[in-house]
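Residue-level structural notes
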Amino acid sequence: MPARHSALAVLVAVLWGLNFLAIHTSLTHFPPLFLVALRFALIAIPTLVLVPRPRVPVRWLLGYGLGFGTLQFLFLYLGMHAGFPTGLASLVLQASAPFTVVLGAVLLRERLGARAIAGVVVATAGLVVVALGYGAAAPLGPFLLVLLGALGWALGNLASRQARAERPLHLVLWMSVVPPLPMLALSLAIEGPSTIGDALATSLAAAAVPAWLGLAYTVLLGTLVGSGIWVWLMARHPASAVAPFSMLVPVVGIATAWAALGERPGPLELAGGALVIGGVLWASRPARAAHRPPAEAAPREVLGARSG
C-alpha cells in the first residue's frame, strides 16, 4: 500500500483502540444495555432517512446486525460494566478472528489450511494464558462475557461475508438499524425503567459530560470515521495487506488504558496477548501457491475476515 494509505490504516487502529476508553467513560453514567441501544439508535435514525438500504438478502442484514451489532456489544458492554479491564477487553475481542475461522469451517464448509489451524491454536493458547493471568486475581465471569462478544463479532463476520454487499459502508450503517429495539427491550426488562429514567434525568448534569463525549466518540470517530476509512481501504487493497493493521488495536487499547486508567496488565496477560496477536497475524497471512500456474493455484484459505 502507499505510505499515506498505511498511515490511514494506522489511524483507524488508533481510533478503534481509543474507542474502548470511550466506552469505559460512557459506562460510568449509562447502564450497559441501554447504552448499546442508544449508541446504535444515534446511527440508525439518520441512516434510515439518508442512506439507501443495501441490496442484500434481509436474512444476512439481520444476521450481521444481530451478530456484530447486538451480541458483540451486549456482551462487551456487560463484561466491561462488570469490571473487566478496558485494555484487556480490546485484546480479548480479537478472539473474533479465530472464532471466524472455526465457524466458517463448521457452518459454511470453508477450507481450513494448515496455517489457519496453527494460528487458531496459538491464539487460543494465548486466550487461555490471558484467562489464567486475569482469573488469578479476579472472577472469570467478565472475561467470559467479553469472549462471548468476540463470538458475536465472528457470527457477524460470516453474515457480512454472505451478504456480499456492493457498498459495504451502507451495510455497516444499516446494520445499526437492528440492535436498538431488541437492546431497548432487554434494557427495560433487566435494567428497568427506573434505572434508565435516572440515567436520562441526570444526563444533562456536568458530571455526565464525559459520558456523552465518550458516546459521541464511539458513534462519530469509532464507528463512522473508523469504519468508513477501513471499508475504503479494503475496497482498494487485498485484505491481507489491510487486516493485519487491526492488530494494533489492542496495543493502543492497552497502552491508553494503562496511561489513563492505571490498568497495568500482568506478565501472564502480556504473554497471552502476544500469543493472541501472533496467532491472528499468522492465520491472516495468505497461503502461497508457489511454482504453480495461476489456473492451478490452491483455493483461498479461510483467514478470518474482519469487519470494520
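Figured I'd write up the structure that's included with this text. Remember, predicted model here, so these are calculated numbers, not experimental data. (Residues numbered from 1 in each chain as written. Predicted model: local features only at pLDDT ≥ 70, side-chain atom pairs only at ≥ 80, totals over all residues. Heavy atoms only, no water.)

1. With respect to the pattern of salt bridges
Rules: Here, a salt bridge means any Lys or Arg side-chain nitrogen found within 4 Å of an Asp or Glu carboxyl oxygen. Here a helix means four or more residues in a row that DSSP labels H or I, a strand means two or more in a row labelled E, and each is numbered from the N terminus. Between buried and exposed lies partly exposed: a residue is buried under 20% and exposed over 50% of the maximum accessible area for its type, with that area taken using a 1.4 Å probe on protein chains only.
Within the structure shown, the criterion is met by 1 salt bridge. Glu110 is the salt-bridge partner of Arg161, the closest N and O atoms lying 2.5 Å from each other. Highlighted residues: Arg161 in helix H7 (residues 141-163) and Glu110 in the loop between helix H5 (96-107) and helix H6 (114-135), separated in sequence by 51 residues. By relative accessible area, Arg161 is classed as partly exposed at 22%.

2. Some remarks on the packing of helix H3 (residues 58-81) against H7
For clarity, the cut-off: Every axis in this analysis is a line fitted to C-alpha atoms, fitted for helices over the stretch in contact. Angles between the N-to-C directions lie between 0 and 180 degrees. In what follows, roughly perpendicular refers to angles from 65 to 115 degrees, roughly parallel to angles under 35, roughly antiparallel to angles over 145, and oblique to any angle outside these ranges. In this scheme the handedness of a crossing depends on how the near helix is turned from the far one: anticlockwise by less than a right angle means left-handed, clockwise means right-handed. Polar here means any residue outside two lists: the nonpolar Ala, Val, Leu, Ile, Met, Phe, Trp, Tyr, Cys and Pro, and the charged Asp, Glu, Lys and Arg; Gly therefore counts as polar.
Packing of H3 against H7 leaves a shortest axis separation of 7 Å and a crossing angle of 165°. By the angle between their axes, H3 is roughly antiparallel relative to H7. You can see that H3 and H7 cross each other, and the crossing is left-handed. For the contact of H3 with H7, a count of residues per class yields 15 nonpolar, 9 polar and no charged.

3. A word on the side chain of His237
Note the cut-off: The criterion used for residue contact is that any of the two residues' heavy atoms lie within 4.5 Å.
Within the secondary structure, His237 is located in the loop between helix H11 (209-236) and helix H12 (239-242). Taking the relative accessible area as the measure of exposure, His237 reaches 15% and is therefore buried. Look past the residues within four positions of His237 in its chain and what remains in contact with it is Met1, Pro2, His5 and Val242.

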